[in-house]
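As a plain string of letters, each chain reads:
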Amino acid sequence: MFSKILIANRGEIAVRIIKTCRRMGIKTVQVYSEADAGSLAVEMADEAVLIGPAPAAQSYLLADKIVEAVRQTGAQAVHPGFGFLSENAGFARRLRDEGIAFIGPNPEAIEAMGDKISSKKLAAEAGVSTVPGHMGLIETPEEAVKIANQIGYPIMIKASAGGGGKGIRVAHSDADMAEGFAAVKAEALNAFGDDRVFLEKFIIDPRHIEIQVLGDKHGHVVHLFERECSIQRRNQKVIEEAPSPLLDEATRAAMGAQAVALAQAVNYDSAGTVEFVAGQDKSFYFLEMNTRLQVEHPVTELITGVDLVEQMIRSAWGEKLAFEQKDLKIDGWAIESRIYAEDPYRGFLPSIGRLVRYEQPEEGDQGDYTVRNDSGVREGDEISMFYDPMIAKLCAWGETREDAVTGMARALEDIHLSGLGHNVPFLAAVMDQDRFKSGHLSTSYIKDEFPDGFHGLRPTQAQERILIASALAMHEVIAEQDGDPSDRTDWIVMIDKTPHGVGLSYDEDEEMILTLTGGGDIRLSDIDWRPGLAQFKAELDGEPFTAEVKRVADGFDIRHRAARARVRVLRPHVAELYARLPEKAVADTSKMVLSPMPGLVVSIPVLVGQAVKTGETVAIIEAMKMQNILKAERDGVVKAVGAKDGDPVAADDVLVEFG
């Protein structure tokens, strides 16, 4: 077995690989950019080598730097993780030529399946169902429009070398196709160094289901069942689960067999994923094969008990698979939520900055569910604009899907992040939705359920009780600490501007009894909070909960899952005065185009004095390797331009102002 492995990646996947290597007794070398000098992965690895500046093109994407680090440290193998050089056949071939093991598939398999165009041709030859489309290279927007009309809209525009949700657009018209084609080519060249683009039919109301395959260098290939990855935003997976609530045993077996047949057709070894688009009728079509470890691999590990990183290492060493297909079984259900540094209240735009506070849920067996949290950052770390804004992959396992969903919802409650925007409230909202609980999913789920964006959810009746009880308990703790305890037994608890009458008493065990006007009694026990803590933990009528809390001048800001409110504990006569306070006027920004995120200005194609029509592009901002096109929301004449090409901008910076 290898004695030392170099990890050519960063963040949570680097940490994940280090953990398995430690368990196997293998030393690790972590390469890092200047932006990652103080990272958790660098701290955990046995050795670390600086390979360049922050931009990936000057560090993690430079094969020369990786090979030099291997030679410098005496590592015998390279694990590429996902992204960066993980699907670069040239890199894998170079390592092989230099006598360095690549912990991934052979370069010929990467070459055959990593290219989205050739892989579809090979899939069809192997008897795998494929989506109608145009696999040939397309050079111009005009050619793309012509082909699109032959296939029929809607059409998916995809970068041939794409991955991770980048380099993808859906076109519904000729105008969409022309603009989208140019944007995808630009993104593809920037992210992958390859601007080839192809087209395929977009399946209406589709689901995204993928099969995990695993092979060795002796011709053996198995599948480890499926993952449902339909909850996506901008083609980026957000929530994944295994198994899929759609599939029956017959469909699962058919998809698995096709995935294995495709892998065998290209002599595949190591871990890989065959992705399918599935209809609600259980029909399925090959999308692509990812010749690497997937971000969402933990849910497969949780339902099979197989460590995929370990199997990749053993395969690269030349070991035979220690199990056959008949030995693999599905045990329980697992869900993964990707926690990103992005602001769901601002259209999920990236939110870079310092992670001021980061409290994580307790991992391991929690009774009815099990928690796993794969994270590559710690409290105090910086989320950089140069890389994907992932903070963690939170997983919950349960014996049933209902147990896993409930466990995930509770685990999300136990995470606290501050210093930047994050999508935890949104993830919690999905867990609480009846549609998600029913398992009726599609790739348009987020657009369907949140057509106007995410603005949080109104508290349910149960959540109102949590807000009331938490606020009143904190109010009592603070009063006691200040030496000013009140003997009042009647209060008005304001949730935003809605009053709730509450009677307060204590039982013989000093547990709080709250009598709600018109709502009966509730009992609050096992309170875990003191001033300064950002989380309030307790049990309400025997059910544990965690709320995120912040003390403010006239009360508390409290969030429970997706419900957030200002909550005040008031004497009845004071509550009457609060109800009369005027609303604060919102600043008028209707004549301004603001930068929705921190990033770099790619282009501002308008000039002062220019007349602009609704829908015209007024700015293009690049962040996290994605180009974001900003369009005019109304007709107007440009009064001022606040930035120029190449300028860095912050969120809410004024880019264009109309007169």
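On a predicted model such as this, the values are computed, not experimentally measured, just so you know. (Residues numbered from 1 in each chain as written. Predicted model: local features only at pLDDT ≥ 70, side-chain atom pairs only at ≥ 80, totals over all residues. Heavy atoms only, no water.)

Trainee: When you look at the pattern of salt bridges in this model, what are you seeing that I'm missing?
Mentor: Pairing between side chains of opposite charge can happen when the charged atoms of each approach one another. Summed over the entire model, instances satisfying the criterion amount to 57 salt bridges. Residues Glu-43 and Arg-378 are paired through a salt bridge, measuring 2.7 Å at the closest nitrogen-oxygen approach. You can see Glu-43 sitting in helix α2 (residues 40–44) and its partner Arg-378 sitting in the loop between β21 (370–375) and β22 (382–383), a full 335 residues away along the chain. When its relative accessible area of 57% is taken as the criterion, Glu-43 is described as exposed. When the shortest N-O distance is used, the salt bridge between Asp-327 and Lys-326 registers 3.6 Å. Residue class for Lys-326 comes out exposed when judged on its relative accessible area of 59%. (Salt bridge = Lys/Arg side-chain N within 4 Å of Asp/Glu carboxyl O. Helix = DSSP H or I, 4+ residues; strand = E, 2+ residues; numbered from the N terminus. Buried < 20%, exposed > 50% of the residue type's maximum accessible area, 1.4 Å probe, protein only.)

Trainee: Just checking my understanding: could you explain the sheet that holds strand β10 (residues 207–215) for this structure?
Mentor: Paired through backbone hydrogen bonds, the strands of a sheet run either parallel or antiparallel to each other. Sheet architecture is open: nine strands sit in the order β14-β13-β10-β11-β12-β15-β23-β21-β20, paired in antiparallel fashion. The open sheet is flanked by β14 (284–290) and β20 (364–365), the only strands paired with a single partner. Here β10 pairs with strand β13 (residues 270–278) via nine bridges, running antiparallel. Bridge pairing in β13 links Gln-212 to Thr-273. Sheet strands in contact with helix α11 (residues 308–317) are β10, β11 (221–233) and β13, and its direction is about 40° off that of β10. (Pairing = 2+ DSSP bridges. Contact = heavy atoms within 4.5 Å. Axes fitted to C-alpha atoms, helices over the stretch in contact; angles between N-to-C directions.)

Trainee: Would you mind showing me how to read the packing of aromatic side chains here?
Mentor: Any two aromatic rings considered together are summarised by their centre-to-centre distance and by the angle between their planes. One pass over the full model with this rule turns up twelve aromatic pairs. Between Tyr-60 and Phe-84, the ring centres sit 5.0 Å apart and the planes meet at 15°, which makes this aromatic pair stacked. Of this pair, Tyr-60 sits in the loop between β3 (47–52) and α3 (63–73) while Phe-84 sits in the loop between β4 (77–79) and α4 (89–97), and the two are 24 residues apart along the sequence. Under the relative-accessibility criterion, Tyr-60 is labelled buried at 1%. Look at Phe-84 and you get partly exposed, because its relative accessible area is 22%. Both rings, one in Phe-276 and one in Phe-284, keep their centres 5.4 Å apart while their planes meet at 90°; by these two values the pair is edge-to-face. Exposure class is identical for Phe-276 and Phe-284. Each is buried. In this structure an aromatic cluster arises from ring pairing among Tyr-345, Phe-348, Phe-426, Phe-450 and Phe-454. The ring of Phe-436 has Arg-401 sitting right over it, with the charged end atom 4.8 Å from the ring centre. Of note, Arg-564 hangs over the ring of Tyr-345, and the distance from its end group to the ring centre comes to 4.4 Å. (Phe/Tyr/Trp six-rings, centres within 6.5 Å; stacked < 30°, edge-to-face > 60°. Lys NZ or Arg CZ within 6 Å of the ring centre and 35° of its normal.)

Trainee: What is the right way to look at the pairing of strand β30 (residues 543–552) in this model?
Mentor: Pairing geometry for strand β29 (residues 535–540) and β30, over six bridges, is antiparallel. Pairing of Leu-540 across the sheet is with Glu-543, part of β30. The pairing of β30 with strand β31 (residues 555–560) spans five bridges and is classified as antiparallel. For Lys-550, the partnering residue across the bridge sits in β31 and is Asp-557. In sequence, β30 turns back onto β31 through a hairpin of two residues.

Trainee: What exactly am I supposed to notice about helix α6 (residues 116–125) here?
Mentor: Along an α-helix, residues three or four apart share an orientation, since each turn contains 3.6 residues. Buried within α6 are the following residues: Lys-116, Ile-117, Ser-119, Lys-120 and Ala-123. The buried residues of α6 all sit within an arc of 165° when viewed along its axis, so they share a single face. Of the residues one or two after α6, Gly-127 is the one with positive phi, at around 85°. (Arc of directions from axis to C-beta.)

Trainee: I'm lost on the side chain of Ser-86 in this one. Help?
Mentor: Among the structural elements, Ser-86 can be located in the loop between β4 and α4. By relative accessible area, which is 2% here, Ser-86 ends up buried. Polar side-chain contacts of Ser-86 include one of 2.8 Å to the backbone oxygen of Gly-83. Ser-86 has contacts with Pro-80, Gly-81, Phe-102, Ile-110, Thr-291 and Arg-292, leaving out every residue within four places of it along the chain. (Polar contact = N/O pair within 3.5 Å; in protein donor to acceptor, adjacent residues only side chain to side chain.)

Trainee: Got a minute to help me understand the environment of Ile-621 in this structure?
Mentor: Inspection of the secondary structure puts Ile-621 in strand β36 (residues 617–623). We classify Ile-621 as buried; its relative accessible area is 0%. Measuring from C-alpha to C-alpha, the distance between Ile-621 and Val-649 comes to 8.8 Å, with 28 residues separating the pair along the chain. Not counting residues within four places of it along the chain, the set of residues in contact with Ile-621 comprises Ser-595, Met-597, Gly-599, Leu-600, Val-601, Val-602, Met-626, Gln-627, Asn-628, Leu-630, Val-649 and Leu-655.

Trainee: Help me understand the side chain of Glu-301, please; the structure alone is not making it clear to me.
Mentor: With respect to the helices and strands, Glu-301 occurs in helix α10 (residues 297–304). Not counting residues up to four positions away in its chain, the partners in contact with Glu-301 are Arg-16, Val-306, Asp-307, Leu-308, Val-309 and Arg-372.

Trainee: Please clarify how helix α5 (residues 107–114) should be interpreted in this entry.
Mentor: Within α5, six of the eight residues are buried, which leaves it mostly tucked inside the rest of the structure. Listing the buried residues of α5 in full gives Pro-107, Ala-109, Ile-110, Ala-112, Met-113 and Gly-114.

Trainee: Explanation requested: the nonpolar core in the structure shown.
Mentor: Note on soluble globular proteins: their nonpolar side chains tend to be buried together. Ranked by internal contacts, the top residues of the largest apolar core, which has 41 residues, are Ile-239, Ile-335, Ile-391, Phe-426, Met-431 and Phe-436. Elements that contribute at least two residues to this core include exactly β12 (236–242), β15 (333–340), β23 (390–398), α12 (401–413), α13 (424–432) and α15 (445–449). Considering each element in turn, this core owes the most residues, seven residues, to α13. Leaving out residues up to four positions away in the same chain, Ile-391 has contacts with Ile-339, Tyr-340, Ala-341, Leu-355, Tyr-358, Ser-375, Gly-376, Val-377, Ile-383, Leu-417 and Leu-420. (Core = buried A, V, L, I, M, F, W, Y, C linked by side-chain atoms within 4.5 Å.)

Trainee: Mind showing me how you'd approach the state of the cysteines here?
Mentor: Working definition: the covalent bond between the sulfur atoms of two cysteines is a disulfide. Applying the stated criterion across every chain yields a total of zero disulfides. A disulfide-free cysteine, Cys-229 has its sulfur positioned 12 Å from the sulfur of Cys-395, the nearest such atom. When its relative accessible area of 0% is taken as the criterion, Cys-395 is described as buried. (Disulfide = S-S within 2.5 Å.)

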